[in-house]
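Letter by letter, the chains look like this.
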Amino acid sequence: MVVGSYEVSGNAPVKHGAVLAPFVWEPWIQPALEAMLSWALWCILAKFSMMLGSKPLPSSWASCISAIGSLTTTSIACICGNETVNRRNLAWQILALLMAGVCNAIAVMRFQKAMTVGPAGPVVALSHTYIAVTSVAGVLLFREVLTASKAMGVALVLFGGYLLAQ
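This is a predicted model, so every value here is computed, not measured. (Residues numbered from 1 in each chain as written. Predicted model: local features only at pLDDT ≥ 70, side-chain atom pairs only at ≥ 80, totals over all residues. Heavy atoms only, no water.)

Thoughts on the layout of surface pockets
Thought 1: There is about 900 Å³ of room inside the largest pocket.
Thought 2: Lining the largest pocket are 23 residues; nearest its centre among them are Trp39, Trp42, Asn104, Ala107 and Val108.
Thought 3: Contributions of two or more residues to the lining of the largest pocket are made by α1 (29–51), α2 (59–80), α3 (90–117) and α5 (130–142).
Thought 4: No other element matches the eight residues that α3 contributes to the lining of the largest pocket.
Thought 5: Considering only residue class, the lining of the largest pocket consists of 12 nonpolar, 10 polar and one charged.
Thought 6: Here the second largest pocket is characterised by a volume of approximately 350 Å³.
Thought 7: In terms of lining, the second largest pocket is formed by 13 residues, of which the most central are Met36, Trp39, His128, Tyr130 and Ile131.
Thought 8: Ranked by the residues each element gives to the lining of the second largest pocket, the list is headed by α1, at eight residues.
Thought 9: Class assignment for the residues of the lining of the second largest pocket results in 12 nonpolar, one polar and no charged. (1 Å grid on protein atoms, 1.4 Å probe; cavity = no way out; pocket = protein on both sides within 12 Å on 5 of 7 lines; lining within 4 Å. Points joined across faces, edges and corners; volume = space filled by probe spheres on them. Helix = DSSP H or I, 4+ residues; strand = E, 2+ residues; numbered from the N terminus. Nonpolar A, V, L, I, M, F, W, Y, C, P; charged D, E, K, R; others polar.)

Here it is, written out as structure tokens:
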């Protein structure tokens, strides 16, 4: 459905009004939804583990045990997968992924600590505003396009995190 019209000015079309595009199931949507559900389950299970027993595990132990599960799953995926490796810039890719792993470990440890001492809803809401930070970084570092809808989404995520953390 097209709302508005286009006119050609020079070589580039100029849009008048808005275009309401039909929803297209892109190839990235399913794995992104699966990741979202997995992260939601991870948060729920992390809080559940903190509620078991008379005293929760220290956050460093919880993070280590969680990492063992992650390493096991990832190792199985690497062994059973049939993906090829592009050797161009492989050392930099490995270094970047190792650094990402360190950041993830720090995030998991701090998340486990927050889940130990705080309620699940606000902890998850506040800690998962990282999606807004990642969107801004995509614009600043990777030349992703900042659209009005993306800017509004970032603002809504931050505002929603604030509201849910109350």
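Examining the pattern of salt bridges
Should the charged atoms of two oppositely charged side chains come close, the side chains can pair.
Thought 1: Tallied over the full model, the rule gives one salt bridge.
Thought 2: Among the ionic pairs, Lys150 bridges to Glu144, the shortest N-O distance being 3.4 Å.
Thought 3: Classification of Glu144 as partly exposed rests on a relative accessible area of 39%. (Salt bridge = Lys/Arg side-chain N within 4 Å of Asp/Glu carboxyl O. Buried < 20%, exposed > 50% of the residue type's maximum accessible area, 1.4 Å probe, protein only.)

What is shown is where atoms sit, not what they do.
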